[in-house]
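Architecture and fold: a report
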Amino acid sequence: MTATDYRSRADRARRAIAEQTSGPSYFDLFWTGVAGFFTLLALIPLVLVLVYVVIRGFSRLNWAAFTQLPPPPLAPDQGGFANALIGTLIMVGIGALVSVPFGVLAAIYLSEFSQGQVPRWIRFATNVLSGVPSILMGVFIYGLFVITTGTYSAVAGGFALGVLMLPIIVRTTDESLQIVPKQVRWAAIGMGASKFQTVLRVVLPAALPAIATGLTLAVARAAGETAPLLFTALFSQYWLDSLFQPTASLSVLVYNFATVPYEGQQRLAWAAALILVGIVLLTSILARWATRKQIY
Amino acid sequence: MASSTSSPKGKPIEARSQRSQWSDRSFTWLTRILAFGVAAVLVFIGVQVAIDAMPAIRRYGLEFLVTSSWNPVDDAYGALPMIYGTLVSSLIALVLAVPIGVGTALFLSEDFLPRPVRTVLSFMVEMLAAIPSVVYGIWGIFVLIPFLDPIGGWLHQNLGWIPLFGTTYRGPGMLPAALVLTVMILPIITAIARDSLISLPPALRQAALGMGATRWTAIFRVLIPAAFSGIVGGTMLALGRAMGETMAVTMLIGNSNDLNVSILAPANTVASLLANQFAEAGDLQIAALMYAGLVLFGLTLVVNILAEMIVQRVNVYK
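A brief look at the structure comes next.

Calculation notes
- Residues numbered from 1 in each chain as written.
- Chains lettered and ligands numbered in written order.
- Predicted model: local features only at pLDDT ≥ 70, side-chain atom pairs only at ≥ 80, totals over all residues.
- Helix = DSSP H or I, 4+ residues; strand = E, 2+ residues; numbered from the N terminus.
- Rg over C-alpha atoms; globule rule 2.2 N^0.38 Å.
- Buried ≥ 20, exposed ≤ 12 C-beta atoms within 10 Å, placed from the backbone.
- Contact = placed C-beta atoms within 7 Å.
- Core = buried A, V, L, I, M, F, W, Y, C linked by C-beta atoms within 7 Å.
- Expected span 1.5 Å × (residues − 1).
- Bend = angle between axes of the 7 residues up to and from the residue.
- Nonpolar A, V, L, I, M, F, W, Y, C, P; charged D, E, K, R; others polar.

Per the secondary structure count, chain B includes 11 helices and two strands. Each helix (α) and strand (β) of chain B, taken in turn from the N terminus, gives the series α-β-β-α-α-α-α-α-α-α-α-α-α. Against the 2.2 N^0.38 benchmark of 20 Å for 318 residues, chain B shows a C-alpha radius of gyration of 26 Å, more extended than a compact globule. Reported as C-alpha extents along the three principal axes, the dimensions of chain B are approximately 95 × 65 × 35 Å. Residues counted as buried form 48% of the 318 residues belonging to chain B. Excluding contacts between residues fewer than 6 apart, the proportion of contacts in chain B whose partners are at least 24 apart in sequence is 74%.

See the structure below:
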């Protein structure tokens, strides 16, 4: 390339720059405006949903809502969702009981004991599992559990929620363990600790705050899930007196009562929706706040 | 071994006890089995649903996918309208959510606003994903559907000659369902697009600006192309979510088993079909529903595997 070539190129570049920098760039202003507008558009639904849920739900939140059974169709503003609240707590509890040990131990293998391609494939499968539609978790547990036991039950609902939580727990635990520096493990091994001791006494406690945050988020998500419960736990108008009978949950109550033409039940559905949003929002904000301070 | 090593004081270090070695090995094995167990759950779901779908697969074969009748009385089942509804509702949601999501991601990854404000806004967008699906459903029934009434009416009156708006707006239908789906998948697209934009090497932007590009020229010509695979990966993940989304859709889509091109008419998706009919279905109907569930499983599996492959490539780049 000759010197004149370079010179003409430089000239062209200079001219291009001059064109772009002369005067305010309407092109840039326009696109900044578009991006800002889209951001606003993305946030409007959040505000609208929150405002409506609070307005419609809050007025119905009284003592009865937390202590009584769901009202019959034509009773205005009576009754509550006490049995659904209990049902949700129990099923989320069963789900956590199943999936937390399972998920945490599996994540320990991925982050601490595995080598080569195996962990990559398992992580891949975990991510794909978290993308499986939650209603299919319900279909799966229906085939596995409801058909064999012959009844819709809190246990089946809990298992469905457990399957739903499992990939989230594995991923967050795996990520939390990986944040713990290698040196911590070397120090423990160097002191003569066995693998078992290193993981359980040193690495796991160090990662515990992050893991706990992840678990809380997973549990909160599960509490708001409806689809896996529709045909595993079903619903019930009555108090729960056995883990092997149809069980009410807050989320299914919202679904059932929002889709009927009775105003009393609709108002209760809004109140239950407010509780669900409250649970998820509070845990998310707390989790965000807790992870701001990181140990390592 | 133990006798050959000695501590500074000269006392021999004892070999690890049998018990300690045994606990180490069994603990490692336990975690290994459970880790493979997680992957096995994925396979197990597919197999279990396939087994339960067997009676319907044998009876209807592949015709199930292209027939449009859902009649428990005559045992005639075909899932075409639901598969069509699943794909169309997801596609409409994607078409709306991708520009909005990428625009939001750009707005929140560039320095248009002070950092604390951006952090709060990003968190708020993430919150969209945290709101339970059923809450979107109840909101859609009582707020969105009435709100869309004049808009739907206008669309039919003025654009009714287009088949897409060929029926009158009667409330529950494809339009409100697709709009709520848009809101629900927005945070996924925004989060992943933002991550891949932020993780680009700063040198790229500096080089573009150094060449005299303005901010948006740099964004369109350099940053978006460089982050493109991340954006595509996020879009695929969002597509998978949209296809499997159940509660909000089933509450808003009208659950009509007839195929209708108009987005103002009621429709159905595979997920909402399952949600509606499963609890009250008879034997063969259960099998047919399981078959539909298997189709949904296959669809989301393919989409998610592709998405994961793309997103993993992006992470390597990071």
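Ranked by internal contacts, the top residues of the largest apolar core, which has 192 residues, are V254(A), A272(A), A273(A), L276(A) and V135(B). With 17 residues, the top contributor of residues to this core is helix 5 (residues 174–198) of chain B. In contact with L276(A), other than residues within four places in its own chain, are A223(A), G224(A), L250(A), S251(A), V254(A), P132(B) and V135(B).

For helix 4 (residues 82–113) of chain A, built from 32 residues, the straight-helix expectation of 46 Å at 1.5 Å per residue is met to within 8% by its first-to-last C-alpha distance of 45 Å. Along helix 4 of chain A, the sharpest change in direction is near 30 degrees and occurs at S99(A); proline P101(A) comes one to four residues later.

What follows is about the interface of chain B and chain A. Opposite the 74 residues of chain B that make contact, chain A presents 73 residues. Sorting elements by how many residues they give to the side of chain B that touches chain A places helix 1 (residues 18–60) of chain B first, with 20 residues. Among the residues making up the side of chain B that touches chain A, the classes are represented as 49 nonpolar, 19 polar and six charged.

Turning to the environment of A203(B), a few remarks are in order. Note that A203(B) resides in helix 6 (residues 202–210). C-alpha of A203(B) to C-alpha of Q285(B): the two residues are 82 residues apart in sequence and 59 Å apart in space.

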